[in-house]
Amino acid sequence: MRRKDREVCDSSKIEEIIGRCGCCRIGFNDGGEVYIVPMSFGFAADGGRFTFYFHGAKEGRKIDLIGKAPNVGFEMDTGAEVYCHKDPEVACGYTARFQSVIGNGVVSMVSDSEEKIKGLSLIMEHNTGKRDWHFDEKMADSVSVFKLEVTKLSCKEHL
């Protein structure tokens, strides 16, 4: 990372930043073309290792790409705000606050029903703040769940 003064290395701080992000953009490789999909998500953190969970339709371009090209990139951010820190009459007098997380990982379909329900529960918890969701088998079977196991991650903030 070029700006080491903005790098966040503490895993609990990274987890906190991820917790504030509302969207994870996943970049799939589609035969040399990048296909970026914004997704709502849930996540699990275990000793600085992150796994993101997503849900969606059982068919479509991203489902096809998970099988063909499971190595993906991702990005999420929060708190973006442009503000003046010097002379408001000079363009270079402005800068932006932000917190962002980018990385790479391997994406795969979740077929185990217990992990699928765990993933759906984490998605709901992240998006609503509520825990202890109940998913019956029919409900869980109606959607696909996939996960992104992070292999490389960097986090940056400018406040």
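Structure's up top.
Here the structure is a predicted model, which means the values were calculated and not measured. In this numbering scheme, every chain counts its residues from 1 along its sequence in written order. In view of the model being predicted, local features appear only for residues whose pLDDT reaches at least 70, and side-chain atom pairs are presented and counted only at 80 or more, with totals across whole chains, interfaces and linings using the full set of residues. Each side-chain value is derived from all of the structure's non-hydrogen atoms; neither hydrogens nor water enter the calculation.

Another aspect to go through is helix 3 (residues 113-128). Look at helix 3: 22 Å from first C-alpha to last across 16 residues, which is about the 22 Å you get at 1.5 Å a residue. Residue burial is assigned from relative accessible area. The probe radius is 1.4 Å, only protein chains are included, and a residue is buried under 20% of its type maximum, exposed over 50%, and partly exposed in between. Starting at the N terminus, helices and strands are each numbered in turn, a helix being any DSSP run of H or I of at least four residues and a strand any DSSP run of E of at least two. Among all positions of helix 3, only Lys116, Gly119, Leu120, Ser121, Leu122, Ile123 and His126 are buried. In this analysis, two residues are considered to be in contact whenever any of their non-hydrogen atoms come within 4.5 Å of each other. Buried positions along helix 3 lie against helix 1 (11-20), strand 4 (42-46), strand 5 (49-56), helix 4 (137-141) and strand 8 (144-158). Once helix 3 finishes, Gly129 follows within two positions and takes phi at roughly 85°, a positive value. Here, expected helix span is obtained from the residue count minus one, scaled by 1.5 Å.

Another aspect to go through is the nonpolar core. Only buried residues count toward a nonpolar core. Its members are Ala, Val, Leu, Ile, Met, Phe, Trp, Tyr and Cys residues joined through side-chain atoms within 4.5 Å. Membership of the largest hydrophobic core comes to 27 residues, with the highest contact counts inside it found for Ile18, Phe41, Phe52, Phe54 and Met76. Secondary structure elements with two or more residues in this core: helix 1, strand 2 (24-30), strand 3 (33-39), strand 5, helix 2 (61-68), strand 6 (71-84), strand 7 (94-109) and strand 8. Among all residues touching Met76, those that are not within four sequence positions of it are Ile18, Cys21, Cys23, Cys24, Arg25, Phe41, Phe52, Gln99, Ser100 and Val101. The next biggest cluster of nonpolar side chains, apart from the first, holds nine residues, and it includes Leu120, Ile123, Phe135 and Val143.

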